[in-house]
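The primary structure of each chain is shown beneath.
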Amino acid sequence: MTFIITIDGPSGAGKGTLARALAHHYNLALLDTGLLYRCVGVKALQSGIALDNQLRLAQIAQTLHPEDLTRYDLRTHEASDASSRVAVFHDVREALLDFQREFAENPPAGFQGSILDGRDTGTVICPHARVKFYITAQVEIRAKRRFKELQARGIQSIYSVVLKDMKERDLRDSQRTEAPLRAAADALTLDTSMLSPEEVLKKAIAFVEMRRSTER
Ligand code: DC
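Residues numbered from 1 in each chain as written. Predicted model: local features only at pLDDT ≥ 70, side-chain atom pairs only at ≥ 80, totals over all residues. Heavy atoms only, no water.

As for the packing of helix α2 (residues 34-47) against helix α4 (residues 77-86)
Packing of α2 against α4 leaves a shortest axis separation of 7 Å and a crossing angle of 105°. For the element pair α2 / α4, the angle class is roughly perpendicular. Contacts between α2 and α4 involve Y37, R38, V40, G41, V42 and L45 on the former and, on the latter, E78, A79, S80, A82, S83 and V86. By residue class, the composition of the contact of α2 with α4 is seven nonpolar, three polar and two charged. (Axes fitted to C-alpha atoms, helices over the stretch in contact; angles between N-to-C directions. Helix = DSSP H or I, 4+ residues; strand = E, 2+ residues; numbered from the N terminus. Parallel < 35°, antiparallel > 145°, perpendicular 65-115°, else oblique. Contact = heavy atoms within 4.5 Å. Nonpolar A, V, L, I, M, F, W, Y, C, P; charged D, E, K, R; others polar.)

So this is what it looks like as structure tokens:
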């Protein structure tokens, strides 16, 4: 069975940072699943498709290509907002499910397994993943991190707006009926509010090793 790690949690909690570090440490193929929803949102905006047109959004989701994930415009405010709006639709999520499972089960040659980060990777996409994490942090701290990240990318933004957007997205992501944001029962929850990326990685590696040793 493919070795799979999943990392769920709200945005700005440090999922991506941990995912990249673990991917490097264990030589795992990495999929940032949020990019799929961002692609659907951005493509819809670009083609003038309404963000509540489930049918057309699902068509976009069905025809995504891996190259779409490398678009330069997936991290803007508009992309963030659009992604969480399109993510509420069952047909969109269903269309993206196969892409994600295929990636998880069949990582490209040369990798020891796969790692997926996103809102529902441990609860819905890969419920049988060997190791699951739920990464969270206080919303103000997550907003500050996202604000700094946007600044570093040269994207103009205002902290209070980033915080407001994040609260709105948290609400939408956790209250939607389709795959709401929550921790899987067998996930290790880490609150990164007061932890450095190195401390988070250390705790995560200890958990992976513990899981592996109990399976041998
Ligand atoms: O992690 P992110 O900020 O790039 O995700 C963008 C949006 O996509 C987020 O608001 C919710 C949605 N999403 C999701 O519903 N399920 C996932 N596995 C990943 C992202």
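Points about a negative patch on the surface
The grouping of D91, E94, D98, E102 and E105 at the surface amounts to a negative patch. Note that D98 resides in helix α5 (residues 90-105). (Patch = residues over 30% accessible without salt bridge, like charges linked within 9 Å, V, L, I, M, F, W, Y side chains within 5 Å. Areas by Shrake-Rupley, 256 points an atom, 1.4 Å probe, with all protein chains shown as cover. Salt bridge = Lys/Arg side-chain N within 4 Å of Asp/Glu carboxyl O. Lys, Arg positive; Asp, Glu negative; His and termini not counted. Charge placed at Lys NZ, Arg CZ, Asp CG, Glu CD.)

Focus: the sheet that holds strand β2 (residues 29-32)
Taken in spatial order, the five strands line up as β2-β3-β1-β4-β5 in an open sheet, and their pairing is parallel. Of all strands in the sheet, those with a lone pairing partner are β2 and β5 (188-191), marking the two edges. Along the sheet, successive strands turn relative to each other by an average axial angle of 20°, direction set aside. Bridge count for strand β1 (residues 3-8) against strand β3 (residues 113-117) is five bridges, and the pairing is parallel. Across the sheet, residue F3 finds its bridge partner in β3, namely G113. (Pairing = 2+ DSSP bridges.)

A closer look at α4
An α-helix turns once every 3.6 residues. As a result, residues three or four positions apart point the same way. By the burial criterion, the buried members of α4 are A79, S80, A82, S83, S84 and V86. The secondary structure elements touched by the buried residues of α4 are α2, α3 (54-62), α5, α7 (139-152) and α8 (159-175). (Buried < 20%, exposed > 50% of the residue type's maximum accessible area, 1.4 Å probe, protein only.)

Quick look at unusual backbone geometry
Positive phi outside glycine occurs at N27, with the angle close to 55°. Within the secondary structure, N27 is located in the loop between α1 (15-26) and β2. Assessed through its relative accessible area of 30%, N27 is described here as partly exposed.

Side note on the site of the ligand
Taken together, the neighbourhood of the ligand is formed by 16 residues, with R38, R93, R119, D120 and R176 sitting nearest. Taking D120, its side chain carries an N or O atom lying 2.8 Å from a nitrogen atom of the ligand. Contact distances for the ligand include 2.9 Å between an oxygen atom and a side-chain N or O atom of R176. Considering the ligand on its own, with 440 Å² of exposed area, one finds that the protein chains cover 98% of that surface. For the shell around the ligand, the elements supplying multiple residues, two or more each, are α2, α4 and α8. Per-element accounting of the shell around the ligand gives the leading share, three residues, to α2. Across the shell around the ligand, the residue classes break down as two nonpolar, six polar and eight charged. (Near = heavy atom within 4 Å. Polar contact = N/O pair within 3.5 Å; in protein donor to acceptor, adjacent residues only side chain to side chain.)

Nothing here speaks to function; it is geometry throughout.
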